[in-house]
Each structure stands twice: as structure tokens, then as C-alpha cells.
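Spelled out from the first residue to the last, the chains are:
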Amino acid sequence: AAAAASGAASVSSAPPHANTAAAGQGVVCSLPASLSSPAPAARSDFASTAASELCALLTLLGDGYRHVCLIRSTEALQALSKLPASQQQTGWVQCQVGTAHFNAAQYLAAEAAFQRARRLEPHRLEGMEIYSTVLWFLKREHELCYLAQAVVAANRLAPQAWCVLGNCFSLQREFETAVKFFQRAVQVAPSFTYAYTLAGHEHVSNEDLDKAMACFRSALRTDERHYNAWYGLGTIYLKQEKYQLAEYHFRRALSINPRNAVLHCYLGMALLSAGRCDEALAVLERAIELDPGNPLAKLRRAMALSRLRRNAEALRELQSLQQMAPRESTVYIQMGRVLKKLGRTHEALAALNHALDLDPKGGNTIKAIIDKLQLPDDPLPDDQVSVEAA
């Protein structure tokens, strides 16, 4: 017993991880091999494996981010989907996913991705200006107000915070206040391209086209690949009926972001307004292929078919659109035109009266069309239906 006690004392007093002999006992106490330091070869293999896994992970992250920057939404989403589940559950990755969906005009998918990013990183500011635009498109007024309060509380000096505030007031149709907030974002960060673009769109909404054009050009000076600014300039020229210039700017936007259905739709509108109906129809069909639920593209396709005297096809398109947008007066106005061309005057009158019920403010225009139903030719071209109404 004394010998055992003496041996135990000797072992307990030895330094950790030491191989020591119990005094006077000839008993050697050693740690198991699994707790010993790994051999140099094992350490080398472990480091090599870890480095390979890290490089593979960074390659996927870099590849996804590169595609997002190049506005290649499909490729970006494919690359990011290959990440391990643990890496996908980060605010940065979800913001990249949301931005890719936004660039493809897939606003519901973008909203879901940004919501996940907010849950993972509630104080994140990067990407929130895009998220606020998604909420603006989806008319999520309460969510946008909450986001504005959160980002301002996080950092009042961040340009993203002022852009979110601007979008919040824009959705409430307080245009002057919105512009002030976008200008504040530019003051905080003069190279923050998106703030110029948002200010430009706000000036367009307020019919101040000269200031809008200046904002879009400032955005392009900071980033010539900012397709939103090329699109903004195109909408201005479309409003001014400068169709060749509108076509040029929409094509420049499409050269940067070729998979955005909205850009294809507006290019089709410019071509249709210029009388190039066959080209417009091809572009609009591409827009519908990219986004089958785009009502504006379907309406303009129906107009193009009607202009090409394919009125039966145009009517089928409008009847399909009627199910998607049952309270859109523009659909019924165009339906009345097509029915008149098909000789179905009574049905045309019913469609136009329904449009009048839906949009009393546009009564003068609709009544003028009704008064001319009995004339052999409709003197009002289809493409005079306003862009805003569509």
C-alpha cells in the first residue's frame, strides 16, 4: 500500500503529458497514443486537407460573387447553391442571392433571401438599399418602414440607411422628401452609385426629366456598368418619344443584364412605338419567356399582334391577361379596340364601359374611343396608351 501511494504521488506531481517513472517502483506511466501530439506526417496531411477545403470554399464564394458583379443571375445562383449548408446560412451569402434575384426582376424570391439575411444578421447594412427597392416594388409599406427604422438606428452615417429612408418616403408618394434623403446618401458617400439612380427615378416620377437625366449620368460616371441608370435614361427618352435614343439605352442596359424581363419589355415598347412591330413582338416574347407572369409584356405583345392584324391572337392574349389583372382598365381599353377590329362592336362597347368603371379619371379618353366605335378606322394609335397606366 505504501509503495502504491508512493507511486501515485510520483505520477500526480509530474508535469502534464510527461512520461515519468514512479520513484522506487520501476512502473512507467505514459499517456495513450491518441492523446500524444500527432506525428509530423499526420500534421502535414491535416494541414493540406484543410487548405484544400478552404480553397474550394473560397473558390465557390468568389465564383458566385463574380457572377453577381457581372449581373449573371443564373450562374450566380448556381454557384452559391453549391456552398455547404452552413455557409449558405450567412447574411453575406443570402444578400448575394437576393441581389441576383433582384437583377433578374424576381422580386418575391429576392424578398425571401433578404428576409433570411436579416434574420441571420439583424444589424447588417450592406445590401439593404436593394432590399428596400424590392419592398418598394412589392408595395410592402409596413415592412419598408420597419426596415428604415432599423437601419437608421444601426448607423445614421451609412448611405444604405438614407437610401432605405428615401424608398420608404417614395412609396408614400412624398417625392420631395425622398429626393432629399437620396441626396443625403450622396453627400455621405459620393461614390455610392445606387443613390444617384434612385434619385433619378424619383425625378422621373415627379416629371422633372432634366434633373433625372443629370442623376442617371452621374450614376454612370461612377459606374458605367450600372444597368439601372441606362434603363432610367431609356425611360426618359421613351417619354420624350425619342425612340431611337430609347432603344439605344435599353440595349445598353440589356448588354449588361440580358436576363431581365423588364428591360426586354421596355425595349419592345420602344420598338413598338417606332412602328417596328415584328422586332417588338420578338423582344416581347423573350420578355414573357423570362417572366411568364409579367402583365406589361403581355399587354404590349397584344398591342403588337393587333398592329400586325393578328387580332384573334391579340384577343386571346388579352383574355389571358384579364385573369391576371382583372382591375386594370388598360387591358379593357385594348380589348375594346381589338373587338372593334374584329367587328364585335357590342362586346367592344361593354369592355370600354367596364374600363370606364375601373378608371373614372380616364373618362375623357375612354369616351372618345366609345364615340368612334362606329367609324371604319380607329384614329387613335394603340401605343398612345400611357406607359404609367400599363
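Description of the structure in this document. Given the structure is predicted, the values throughout are model-derived calculations rather than measurements.

## Details of the overall build of the chain
Counting secondary structure elements, the chain contains 21 helices and 2 strands. Looking at the 390 residues of the chain, the share that counts as buried comes to 47%. Within the chain, contacts between residues at least 6 apart in sequence are counted, and of these 51% link residues at least 24 apart. Only carbon and sulfur atoms are counted for the fraction: they give 54% of the accessible area of the chain, which is about 20,100 Å².

## Examining the layout of surface pockets
Space inside the second largest pocket adds up to approximately 700 Å³. Among the elements that take part in the lining of the second largest pocket, helix α5 (residues 91–103) stands out by supplying 6 residues, more than any other. Residues that form the lining of the second largest pocket fall into these classes: 11 nonpolar, 8 polar and 5 charged.

## What to know about the packing of aromatic side chains
Any aromatic ring pair is given by two values, namely how distant the centres are and how the planes are angled relative to each other. Counted according to the given criterion, the structure contains 11 aromatic pairs. Pairing Tyr231 with Phe250 gives two aromatic rings, centres 6.2 Å apart and planes at 40°, and the pair type is tilted. Of this pair, Tyr231 sits in helix α13 (residues 227–239) while Phe250 sits in helix α14 (residues 243–256), and the two are 19 residues apart along the sequence. Counting every residue linked through ring pairs, the aromatic cluster contains Phe102, Tyr107, Trp136 and Phe137. Over the ring of Trp136 we find Lys139, and its NZ or CZ is 4.2 Å from the ring centre. Taking the ring centre of Trp230 as reference, the NZ or CZ of Arg252 above it sits at 4.1 Å.

## Concerning helix α6 (residues 107–120)
When the terminal C-alpha atoms of α6 are compared, their 20 Å separation across 14 residues agrees well with the 20 Å that a helix rising 1.5 Å per residue should span. Listing the buried residues of α6 in full gives Tyr107, Ala110, Glu111, Ala113, Phe114, Ala117 and Arg118. For α6, the arc enclosing every buried residue in end-on projection is 165°, short of the 170-degree limit, so these residues lie on one face. For α6, exposure combined with an orientation more than 90 degrees from the buried face picks out Leu108 and Arg119. Residues of α6 that are buried sit in contact with α5, α7 (128–137) and α8 (141–154).

## A closer look at the packing of α6 against α7
As a packed pair, α6 and α7 sit with axes 10 Å apart at the nearest point and diverge in direction by 135°. Here α7 runs oblique to α6, going by the angle between their axes. Every pair of crossing elements has a handedness; the one defined by α6 and α7 is left-handed. Across the interface between the two elements, Tyr107, Ala110, Glu111, Phe114, Gln115 and Arg118 of α6 pack against Met128, Ile130, Tyr131, Val134, Leu135 and Phe137 of α7. When grouped by side-chain class, the residues that make up the contact of α6 with α7 number 9 nonpolar, 1 polar and 2 charged.

## Section: helix α3 (residues 73–81)
Restricting attention to buried positions, one finds in α3 the residues Ser73, Ala76, Ala79 and Leu80. The buried residues of α3 all sit within an arc of 130° when viewed along its axis, so they share a single face.

## Some details on the packing of helix α11 (residues 193–205) against α13
α13 packs onto α11 with a crossing angle of 15° between their chain directions and a minimal axis gap of 10 Å. With respect to their mutual orientation, α11 and α13 come out roughly parallel. The way α11 lies across α13 gives a crossing that is left-handed. Counting all contacts with α11, which are made through Tyr194, Thr197, His201 and Val204, the residues of α13 involved are Asn228, Ala229, Tyr231, Gly232, Ile236 and Lys239. The residue inventory of the contact of α11 with α13, partitioned by class, reads 5 nonpolar, 4 polar and 1 charged.

## What about unusual backbone geometry?
One non-glycine residue, Arg173, lies in the positive phi region at around 60°. Of note, Arg173 is situated in the loop between α9 (159–171) and α10 (175–188). Residue classification places Arg173 among the exposed residues on the basis of a relative accessible area of 61%. The phi dihedral of Arg309 falls on the positive side, at around 65°, and the residue is not glycine. For Arg309, the position within the fold is in the loop between α17 (295–307) and α18 (311–324).

## Thoughts on the environment of Pro292
Positionally, Pro292 belongs in the loop between α16 (277–290) and α17. Under the relative-accessibility criterion, Pro292 is labelled exposed at 54%. Separated by 31 residues in the primary sequence, Pro292 and Ala261 place their C-alpha atoms 9.2 Å from one another. The residues contacting Pro292, other than those within four sequence positions of it, are Lys298 and Met324.

Reading the values: rules and limits
Residues numbered from 1 in each chain as written. Predicted model: local features only at pLDDT ≥ 70, side-chain atom pairs only at ≥ 80, totals over all residues. Heavy atoms only, no water. Helix = DSSP H or I, 4+ residues; strand = E, 2+ residues; numbered from the N terminus. Buried < 20%, exposed > 50% of the residue type's maximum accessible area, 1.4 Å probe, protein only. Contact = heavy atoms within 4.5 Å. Areas by Shrake-Rupley, 256 points an atom, 1.4 Å probe, with all protein chains shown as cover. 1 Å grid on protein atoms, 1.4 Å probe; cavity = no way out; pocket = protein on both sides within 12 Å on 5 of 7 lines; lining within 4 Å. Points joined across faces, edges and corners; volume = space filled by probe spheres on them. Nonpolar A, V, L, I, M, F, W, Y, C, P; charged D, E, K, R; others polar. Phe/Tyr/Trp six-rings, centres within 6.5 Å; stacked < 30°, edge-to-face > 60°. Lys NZ or Arg CZ within 6 Å of the ring centre and 35° of its normal. Expected span 1.5 Å × (residues − 1). Arc of directions from axis to C-beta. Axes fitted to C-alpha atoms, helices over the stretch in contact; angles between N-to-C directions. Parallel < 35°, antiparallel > 145°, perpendicular 65-115°, else oblique. Left-handed = near helix turned anticlockwise from the far one by under 90°.

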